[in-house]
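A structural walkthrough
Residues per chain are reported as follows:
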Amino acid sequence: MQTSQEHQSSSSFHGLYHQPIKQVEPYCYSSYQILNNNMCPDNGSQATHVSFQSYNEQYFTLDSSPATGCLAYDTPSAGSISSNITPFSPQGSQSYLSDPRHSSDNTYGSPDSGSSGVDDGSELKHMLRVLEFQLLGPESDVDDSCCSFKGAVDQAYSSTSSCQVMEKLDMKQLLISCAAALSDEDFPTAKRFMEVLESMVSVSGEPIQRLGAYMLEGLRARLYASGSLIYNKLKCKEPTSSELMSYMHVLYQICPYYKFAYNSANVVIWEAMANESRIHIIDFQIAQGSQWVSLIEVLGKRPGGPPYIRVTGVDDPQSIHARGGGLDLVGQRLSKVAASCGVPFEFHGAAISGCEVEVEYLRVQHGEALAVNFPYVLHHMPDESVTTRNHRDRLLRLVKSLSAKVVVLVEQESNTNTAPFLPRFKETFDYYSAMFESIDAARPRDDKQRISAEQHCVARDIVNMIACEGEERVERHELFGKWRSRLMMAGFTPCPLSSSVSIAVREVLKDYSKNYRVIERDGALHLGWKNRVMSTSSAWR
């Protein structure tokens with residue numbers, strides 16, 4: 001009898017993949033706009049196949065709260081540039097899917113900086129020093145007196161020579177050289193690089209040209225220490241709420257990154273709550289609440305009757321524009337779904353930033369099994385490198401005190417938190433090169449919806465990581481090894497993932513390019529594009 005019940009439950013999950021499209025509104029929020037200059041997997045092992053439907057409907061969750069302005073340089077004339085946070089944000093410290101010898105804990109070293117100057121010879125010397133760095137590495141011990149770069153500098157001091165050097169560089173070299181000039185505060189040279197890059201980037205071109213367009217805007221914002229110049233050049237007006245949701249819907253459909261987060265977390269929670277009669281889910285990035293639609297429906301079919309479900313949704317109050325209303329809309333939507341499934345349901349909205357969360361806001365009750373969800377959100381919490389309050393670790397300790405049955409963490413596999421500017425720039429380039437390539441595989445390059453989705457839903461992350469510092473830089477990703485250390489220091493222990501989790505994710509990936517891969521390593525599920533790890537999902541208690 002028990003075997004029969006298990007089979008029935010598993011079958012209900014399979015059926016979700018073939019249900020008709022549901023018209024649930026998508027979710028997004030304000031964005032950073034960019035000027036258009038040019039206008040898998042191996043088969044899983046035998047196991048109970050648990051699958052959650054990733055609807056082809058208009059809903060999704062990324063991040064929802066716009067960030068405050070960010071200062072590029074600490075100067076008396078510095079202004080601010082507005083940026084908005086999203087999930088998604090590589091690297092000399094790259095993560096690899098296929099080679100376990102590459103550690104996820106690698107970090108950048110600080111490269112040697114070239115000398116700065118304003119005369120033509122100094123500019124050329126700087127560019128050649130950048131090339132030396134790229135060819136020989138940051139710790140090159142080559143004696144400058146016998147280096148060919150030294151001789152070249154001695155022979156070339158003209159602006160013409162500088163331009164000739166620039167023309168021989170490819171897009172990546174130009175971007176990194178420009179960033180290196182900014183890092184050295186060699187602003188005249190940086191401007192020269194920007195002039196060359198201007199004619200090479202395009203939001204409707206190849207992946208590297210599109211990425212280059214947004215990274216160039218980030219470099220400009222950092223150079224001028226103000227967003228006013230960029231905003232004056234923008235041709236696109238601020239999107240309406242419905243337009244933003246439409247853009248995010250496009251991104252949700254053409255990339256599996258968010259479905260990876262939804263499905264892996266839902267399977268983990270479903271398995272952890274198998275025998276519980278009262279379930280409380282705390283979602284620290286509730287957005288539209290769309291992730292919980294399929295879980296509610298599956299729990300409604302549970303043999304023996306559905307459990308009582310309570311959802312606490314945390315979300316920044318500034319996301320009202322993106323959602324088209326307050327968190328009460330999320331509660332109403334999920335309540336209707338629960339009612340249609342015969343599931344007793346209660347929703348509590350906490351319209352506060354994760355930095356402001358205290359225990360009393362979460363309304364944890366005795367006798368309920370608790371699950372906590374961190375979907376692409378914890379990297380927005382400032383850590384000890386930003387403030388002595390260290391909200392990142394404080395929030396983890398707070399959640400640990402709740403004695404949750406399971407905690408799910410999904411984050412981008414990138415190292416942009418404490419890395420200095422130049423290594424962070426290279427990290428951003430490497431990570432988003434893979435992301436833009438993966439997007440390119442799903443939509444034509446001249447697809448206007450794809451262009452809008454990248455401009456409004458991806459570009460702002462890039463600009464924030466490049467142009468902002470201190471508290472204004474909210475895109476602060478860490479590699480899984482660092483997250484693991486933080487969680488264990490807070491008292492958590494890892495929960496092994498069942499094969500059902502990877503099977504569910506592989507089912508989702510069937511609708512996408514075969515270049516997407518998923519493997520389990522170090523107690524976490526890794527989603528990658530080719531050999532590049534893009535996101536990780538892990539469970540803790």
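Above this text sits the structure in question.
Residues numbered from 1 in each chain as written. Predicted model: local features only at pLDDT ≥ 70, side-chain atom pairs only at ≥ 80, totals over all residues. Heavy atoms only, no water.

1. With respect to the overall build of the protein
As a reminder of what qualifies: Counting from the N terminus, the helices are DSSP H or I runs at least four residues long and the strands are E runs at least two residues long. Exposure classes here rest on a 1.4 Å probe applied to the protein chains alone. A residue is buried below 20% of its type maximum, exposed above 50%, and partly exposed in between.
A count of helical and extended segments in the protein gives 20 helices and nine strands. By the burial criterion, 61% of the 541 residues in the protein qualify as buried.

2. Quick look at the pattern of salt bridges
Note the threshold: A carboxyl oxygen of Asp or Glu within 4 Å of a side-chain nitrogen of Lys or Arg is what we treat as a salt bridge.
For the coordinates displayed, the defined rule picks out 22 salt bridges. Across the salt bridge formed by Asp-440 and Arg-210, the nearest N and O atoms sit 3.0 Å from each other. Here the residue Asp-440 occupies a position in helix H16 (residues 421–440), and Arg-210 occupies one in helix H7 (residues 207–224), the gap between them amounting to 230 residues. Judged by relative accessible area, Asp-440 falls into the buried class, the value being 19%. Taking relative accessible area as the criterion, Arg-210 reaches 0% and is therefore assigned buried. Of the charged contacts in the structure, one is a salt bridge between Glu-437 and Lys-530, with a shortest N-O distance of 2.4 Å. With Glu-437 in helix H16 and Lys-530 in the loop between strand S8 (524–529) and strand S9 (532–540), this residue pair connects regions lying 93 residues apart in the sequence. On the basis of relative accessibility, which here comes to 29%, the residue Glu-437 falls in the partly exposed class. Overlapping salt bridges, with partners in common, bring together Asp-383, Glu-384, Arg-392, Asp-393, Glu-478 and Arg-486 in one network.

3. Details of helix H10 (residues 257–272)
Each α-helix turn comprises 3.6 residues. Residues three or four places apart therefore point the same way. Rule in force here: Take the residue count of a helix, subtract one, and multiply by 1.5 Å to get its expected span.
The terminal C-alpha atoms of H10, which comprises 16 residues, lie 23 Å apart, in line with the 22 Å expected from a rise of 1.5 Å per residue. Among the 16 residues in H10, 15 count as buried, and that is most of the element.

4. Thoughts on the packing of aromatic side chains
Spelled out, the test is: Stacked, edge-to-face and tilted labels apply to pairs of Phe, Tyr and Trp rings (six-membered ring for Trp) whose centres lie within 6.5 Å, assigned for plane angles under 30 degrees, over 60, and everything in between, in that order. Working rule: Lys NZ or Arg CZ, within 6 Å of ring centre, within 35 degrees of ring normal, means a charge sits over the ring.
What the rule picks out here adds up to nine aromatic pairs. Measuring from centroid to centroid gives 6.1 Å for Phe-421 and Phe-425, while their planes differ by 55°, and the two rings are tilted. Of the two residues, Phe-421 and Phe-425 are both situated in helix H16; the distance of four residues between them amounts to about one turn of the helix. Accessibility classification places Phe-421 together with Phe-425 in one group, the buried group. Positioned above the aromatic ring of Phe-421 is the side chain of Arg-222, whose terminal nitrogen or guanidinium carbon lies 3.8 Å from the ring centre. One Lys or Arg, Lys-400, reaches over the ring of Phe-492 and ends 5.3 Å from the middle of that ring.

5. Side note on the nonpolar core
Selection criterion: Side-chain atoms within 4.5 Å link the members of a nonpolar core, which is a set of buried Ala, Val, Leu, Ile, Met, Phe, Trp, Tyr and Cys residues. Should any heavy atoms of two residues lie within 4.5 Å, those residues are counted as being in contact.
Ranked by internal contacts, the top residues of the largest apolar core, which has 102 residues, are Leu-219, Leu-251, Ile-296, Phe-425, Tyr-432 and Ile-462. A total of eleven residues in this core trace back to one element, the largest contributor, which is H10. Beyond its immediate sequence surroundings of up to four residues, Leu-219 is in contact with Leu-175, Cys-178, Ala-179, Leu-182, Met-194, Phe-421, Phe-425 and Ile-466. In this structure, Cys-355, Val-372, Val-399 and Trp-483 belong to the second largest nonpolar core, which totals 29 residues.

6. Quick look at the environment of Met-171
Here Met-171 is to be found in helix H5 (residues 171–183). The sequence separation of Met-171 and Gly-212 amounts to 41 residues, and the corresponding C-alpha distance is 7.4 Å.

7. Description of the environment of Arg-541
Secondary-structure assignment places Arg-541 in the segment after S9. Apart from the residues within four sequence positions on either side, Arg-541 is in contact with Lys-400, Ala-404, Lys-405, Gly-491, Phe-492, Thr-493 and Cys-495.

8. A word on the packing of helix H6 (residues 187–198) against H7
Heads up, the condition is: Every axis in this analysis is a line fitted to C-alpha atoms, fitted for helices over the stretch in contact. Angles between the N-to-C directions lie between 0 and 180 degrees. Each angle is binned into one of four classes, with values under 35 degrees roughly parallel, values over 145 roughly antiparallel, values of 65 to 115 roughly perpendicular, and all other values oblique. Left-handed describes a crossing whose near helix is turned anticlockwise from the far helix by less than a right angle; the clockwise case is right-handed.
Look at H6 against H7: their axes get within 11 Å of each other, and the N-to-C directions meet at 155°. Taken as axis vectors, H6 and H7 run roughly antiparallel relative to one another. The interaxial crossing formed by H6 with H7 has left-handed handedness. Contacts between H6 and H7 involve Phe-187, Lys-191, Met-194, Leu-197 and Glu-198 on the former and, on the latter, Leu-216, Leu-219, Arg-220, Leu-223 and Tyr-224.

9. Describing the pairing of strand S2 (residues 308–314)
Note the threshold: Paired strands, in this sense, are two strands between which DSSP finds at least two bridges. The crossover handedness rule: strands pointing away from the viewer, path from first strand over the helix to second strand clockwise, crossover right-handed.
The element S2 is largely enclosed, with a buried count of six among its seven residues. In the sheet, strand S1 (residues 278–283) pairs with S2 via six bridges, with the strands oriented parallel. Note on S2: the bridge partner recorded for Arg-278 is Tyr-308. Where the polypeptide runs from S1 across helix H11 (residues 291–300) and back to S2, its parallel neighbour, the crossover connection is right-handed. Pairing of S2 with strand S3 (residues 345–350) involves six bridges; the strand directions are parallel. Pairing of Arg-310 across the sheet is with Glu-346, part of S3.

10. Digging into the side chain of Arg-486
Secondary-structure assignment places Arg-486 in helix H19 (residues 480–489). You can call Arg-486 buried: its relative accessible area is 4%. Ignoring any residue separated from it by four or fewer positions in sequence, one finds Arg-486 in contact with Asp-383, Glu-384, Asn-390, Arg-392, Asp-393, Leu-396, Asn-417 and Glu-478.

11. Brief notes about unusual backbone geometry
Phi is positive for Tyr-376, which is not a glycine, with a value near 50°. Looking at the element boundaries, Tyr-376 is found in the loop between strand S4 (369–375) and helix H15 (391–400). Among the residues examined, Tyr-376 registers a relative accessible area of 2% and is labelled buried. At Asn-390, a position not held by glycine, the phi torsion is positive, near 45°. With respect to the helices and strands, the residue Asn-390 is situated in the loop between S4 and H15.

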